[in-house]
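Structural features, examined
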Amino acid sequence: MTPRPSISFAKHAAPKKGSVVLLSAEGAGLSGIAKGYDSGKALERAFAVADFTGKSGSTIDVIAPQGSTLDRLLVVGVGKPANLKEYDWLKLGGVIAAQFRKAADVTVVLDLPDAKTDAQDAAGLALGILLRAYNFDKYKTKKEDGDGKPAEQKPSKFTIQCADPAAAKKAFADADAVADGVTLARDLVNEPANKLGPVEFAAETKALEKLGVSVEILTEKEMGKLGMGALLGVAQGSPRGARLVVMRWNGGKAKDKPIAFVGKGVTFDTGGNSMKPAAGMEDMKGDMGGAAAVTGLMHALAARKAKANVVGVVGLVENSVDGAAQRPGDIVTSMSGQTIEVLNTDAEGRLVLADALWYCNQRFEPKFMVNLATLTGAIMVALGQFHAGLFSNNDELSGRLTEAGLTTQERLWRMPMGPDYDKLIDSKNADMKNIGGRFGGSISAAQFLQRFVKETPWAHLDIAGTAMGSPSNEINQSWGSGFGVRLLDRLVRDYYEG
Ligand code: BES
Ligand code: MN
Ligand code: ZN
């Protein structure tokens, strides 16, 4: 992996070497400490020549500035400082990291006029740097930099100068944990299916134990005893086995009921006997994006010692096809006792989640359950790739998730549910069928899941469009985005700690 940049915080002091990043408010030119770097007025002239006004995300770059021992002076526009919100600081970090793709020694000067630049802002900027610098190149035997040239395997060093470096360092400890959680989720999604099947994924979750997470791994045999016929039916066409992983972080009060997150972990989805077309099938290595987000979230929460009791459950299978694979028309019995007619073996995620949700609810009686799944192609038809679908039986939970989505810019859009849609999955031959027809495909999938959550407050996030292959942005250039980790970390932090 491209080495992770190192981050530190310091008081303001002009460095003699390396590069310096200055911020400029829109229409204000350089001010405060930044002004001191432009005694020869080279930057001021460059602003005029290049029509630089400090618009958000715009940059001016001066290489080897005359009369200075510095390598580069980079000015980044921030727009109106008073308008900077949490996510803007991440974006700013991303814009800066993008300018230093080669190993570099960078000092970022945080000093803006009438911005209440505080420790949180500095930590957010650092998080943006780390997320932007991520690059999945583990299988490239010749590492390249952003220009296709051989890369130095040295990490860049970012020193963020601000008013209260001690406070920034403290705030960054949490952001650092979140960065690691997102990185883990991205790695899991990017990893190909020959390297990461159910057994290998489960083994990865074991690493969370050193953060204090308890990790239990159920095998096919144990799931068989529990009656998880829906999940096991999907797995039966693959030699790679099946696992259900239960991760527990108990950072809250002993008597507090836990909150729960459940993930779809189909390590590869061929569609089974209802086989997918060849074109684009490689993307189905990412069909465990829900499980990856839950695992990354558990990592983040444990690493920052969140004051909450949290359960993470992931159902891990490969949806493949051999002589033993499940057939269209098969009827399976789920752990809940409800029977399911499998009319399409490619609608497998809901079968996995049916048993994972039921198990989680029965065993832990959680305050709420949120499940994440790359569940339907239809959600991309409905929402594109900038919002994940939100389905819920609970307005409060739904509202909180939506808020967290706006803060983190991992955005959610609530979709309708109801009895009319629920009827679509009634079956002649069993209690329900696993497809509800072409119209409202994401909604009938959600209705299916709802039949396995009883009255527990629940939300389903359909992340098929956002967990993988989503358009890259300031803080993500990776195919696997790690969508859901920042969102749910925010949800926990804002509503369920202390
Ligand atoms: N994993 C897919 C959904 C998916 C498609 C995720 C594209 C990401 C990108 C899921 O298992 C699936 O195959 N869903 C079917 C459901 C249909 C058979 C009712 C779909 O969306 O076509
Ligand atoms: Mn499928
Ligand atoms: Zn799938």
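A few points on the structure.

Conventions and cut-offs
Residues numbered from 1 in each chain as written. Chains lettered and ligands numbered in written order. Predicted model: local features only at pLDDT ≥ 70, side-chain atom pairs only at ≥ 80, totals over all residues. Heavy atoms only, no water. Near = heavy atom within 4 Å. Polar contact = N/O pair within 3.5 Å; in protein donor to acceptor, adjacent residues only side chain to side chain. Areas by Shrake-Rupley, 256 points an atom, 1.4 Å probe, with all protein chains shown as cover. Donors = N, O, S within 2.8 Å, 3.2 Å for Na, K, Ca; no water. Tetrahedral: all angles 85-135°; square planar, octahedral: opposite > 155°, others 65-115°. Helix = DSSP H or I, 4+ residues; strand = E, 2+ residues; numbered from the N terminus. Buried < 20%, exposed > 50% of the residue type's maximum accessible area, 1.4 Å probe, protein only. Core = buried A, V, L, I, M, F, W, Y, C linked by side-chain atoms within 4.5 Å. Contact = heavy atoms within 4.5 Å. Pairing = 2+ DSSP bridges. Axes fitted to C-alpha atoms, helices over the stretch in contact; angles between N-to-C directions. Patch = residues over 30% accessible without salt bridge, like charges linked within 9 Å, V, L, I, M, F, W, Y side chains within 5 Å. Salt bridge = Lys/Arg side-chain N within 4 Å of Asp/Glu carboxyl O. Lys, Arg positive; Asp, Glu negative; His and termini not counted. Charge placed at Lys NZ, Arg CZ, Asp CG, Glu CD. Parallel < 35°, antiparallel > 145°, perpendicular 65-115°, else oblique. Left-handed = near helix turned anticlockwise from the far one by under 90°. Nonpolar A, V, L, I, M, F, W, Y, C, P; charged D, E, K, R; others polar.

Okay, the site of ligand 1 next. Taken together, 17 residues form the shell around ligand 1, and within it Lys-276, Asp-287, Asp-346, Glu-348 and Gly-377 come nearest. Taking Lys-264, its side chain carries an N or O atom lying 3.2 Å from an oxygen atom of ligand 1. Between ligand 1 and Lys-276 there is a distance of 2.8 Å, counted from an oxygen atom to a side-chain nitrogen or oxygen. Coverage of ligand 1 by the protein amounts to 77% of the 510 Å² it exposes when considered alone.

Here we take up the coordination of the manganese ion (ligand 2). Put simply, the ideal angle at a metal is 109.5 degrees for four donors in tetrahedral geometry and 90 or 180 degrees for six donors in octahedral geometry. With distances of 2.0 to 2.2 Å, the protein atoms coordinating the manganese ion (ligand 2) are Asp-269 (OD), Asp-346 (O), Asp-346 (OD) and Glu-348 (OE). Around the manganese ion (ligand 2), the six donor atoms sit at angles spanning 71 to 166 degrees, and that spread fits a shape best called irregular. Site description for the manganese ion (ligand 2): donor spacing in sequence, D-x76-D-x1-E. For the pair the manganese ion (ligand 2) and the zinc ion (ligand 3), the metal-to-metal distance amounts to 3.2 Å, and Asp-269 bridges them.

We now examine unusual backbone geometry. In this model, Lys-41 sits at a positive phi of 65 degrees, which is unusual for a non-glycine residue. By secondary structure assignment, the location of Lys-41 is in the loop between helix 1 (32–35) and helix 2 (42–50). Looking at Lys-41, the relative accessible area reads 40%, which means it is partly exposed. In this model, Lys-305 sits at a positive phi of 55 degrees, which is unusual for a non-glycine residue. Tracing the sequence through the fold places Lys-305 in the loop between helix 9 (289–303) and strand 10 (309–319).

Let us now look at the nonpolar core. It is characteristic of soluble globular proteins that their nonpolar side chains tend to be buried jointly. Within the largest apolar cluster, 97 residues are counted, with the highest numbers of intra-cluster contacts made by Phe-261 and Leu-401. Residue contributions to this core peak at 11 residues, all from helix 5 (residues 165–190). When residues no more than four places from it in sequence are discounted, the contact partners of Leu-401 are Val-370, Leu-390, Leu-412, Ala-459, Leu-461, Leu-487, Leu-488 and Leu-491. In terms of nonpolar packing, the next biggest core, distinct from the first, is built from 40 residues, Ile-340, Ala-354, Tyr-359 and Ile-425 among them.

The sheet built from eight strands is open, its strands ordered 7-8-10-9-13-17-14-15 with mixed pairing. What marks the edges here is a single partner per strand, and that holds for strand 7 (214–218) and strand 15 (412–414). Across the sheet, the mean angle from the axis of one strand to that of its neighbour is 20 degrees, orientation sign disregarded. The strands touched by helix 10 (residues 349–364) within the sheet are strand 7, strand 8 (243–250), strand 9 (259–269), strand 10, strand 13 (369–373) and strand 17 (458–462), with strand 9 carrying the most contacts at an inclination of about 155 degrees.

Consecutive residues of a regular strand have side chains that alternate between opposite faces of the sheet. Among the 11 residues that make up strand 9, 11 are buried, leaving the element largely enclosed by the rest of the structure. The pairing of strand 9 with strand 10 spans 10 bridges and is parallel. Within strand 10, the position partnered with Asp-269 by the bridge is Asn-319. When strand 9 meets strand 13, the two strands line up parallel, connected through four bridges.

Together, Lys-253, Lys-255, Lys-257 and Lys-367 give the surface a local cluster of positive charge. Along the chain, Lys-257 turns up in the loop between strand 8 and strand 9. Judged by relative accessible area, Lys-257 falls into the partly exposed class, the value being 48%.

Another point: the packing of helix 10 against helix 14 (residues 441–450). Contact geometry for helix 10 and helix 14: axes closest at 9 Å, N-to-C directions at 25 degrees. In terms of orientation, helix 10 and helix 14 fall into the roughly parallel class. Our pair here, helix 10 against helix 14, has a crossing hand that is right-handed. In this structure, helix 10 uses Arg-350, Leu-351, Leu-353, Ala-354 and Leu-357 to contact helix 14, whose residues at the interface are Ala-445, Phe-448 and Leu-449. Each residue belonging to the contact of helix 10 with helix 14 can be placed in one class, and the counts come to seven nonpolar, no polar and one charged.

For helix 14, a buried count of nine out of 10 residues is recorded, marking the element as mostly surrounded by other parts of the structure. Every buried residue of helix 14 is listed here: Gly-441, Ser-442, Ile-443, Ser-444, Ala-445, Ala-446, Gln-447, Phe-448 and Leu-449.

Moving on: the sheet that holds strand 3 (residues 59–63). If you trace the six strands from one edge of the open sheet to the other, you get 1-6-5-2-4-3, paired in mixed fashion. Because the sheet does not close on itself, it has two edges, and the strands there are strand 1 (6–10) and strand 3. Between one strand axis and the next, the sheet turns through 20 degrees on average, direction left out of account. Together, strand 2 (19–24), strand 3 and strand 4 (72–77) form the strand contacts of helix 2, whose direction differs from that of strand 3 by roughly 130 degrees.

This part takes up the pattern of salt bridges. The tally for this structure, following the rule as stated, stands at 28 salt bridges. Note that Glu-216 is salt-bridged to Arg-248, the shortest N-O span being 3.1 Å. Of this pair, Glu-216 sits in strand 7 while Arg-248 sits in strand 8, placing them 32 residues apart in sequence. Overall, Glu-216 belongs to the partly exposed group, its relative accessible area being 27%.

Before going further, it helps to examine the environment of Gln-66. Following the sequence through the fold, Gln-66 ends up in the loop between strand 3 and strand 4. Sequence-wise, Gln-66 and Gly-40 are 26 residues apart; in three dimensions their C-alpha atoms are separated by 8.7 Å.

For the rest of this paragraph, the subject is the environment of Leu-184. With respect to the secondary-structure elements, Leu-184 resides in helix 5. Between the C-alpha atom of Leu-184 and that of Thr-295, which follows or precedes it by 111 residues, the distance is 7.8 Å. For Leu-184, the residues in contact, after removing those within four places along its chain, are Leu-208, Thr-295, Gly-296 and His-299.

Here we take up the side chain of Thr-376. Relative to the helices and strands, Thr-376 is located in the loop between strand 13 and helix 11 (378–383). Among the polar contacts made by the side chain of Thr-376, one reaches the side chain of Asp-462 at a distance of 2.7 Å.

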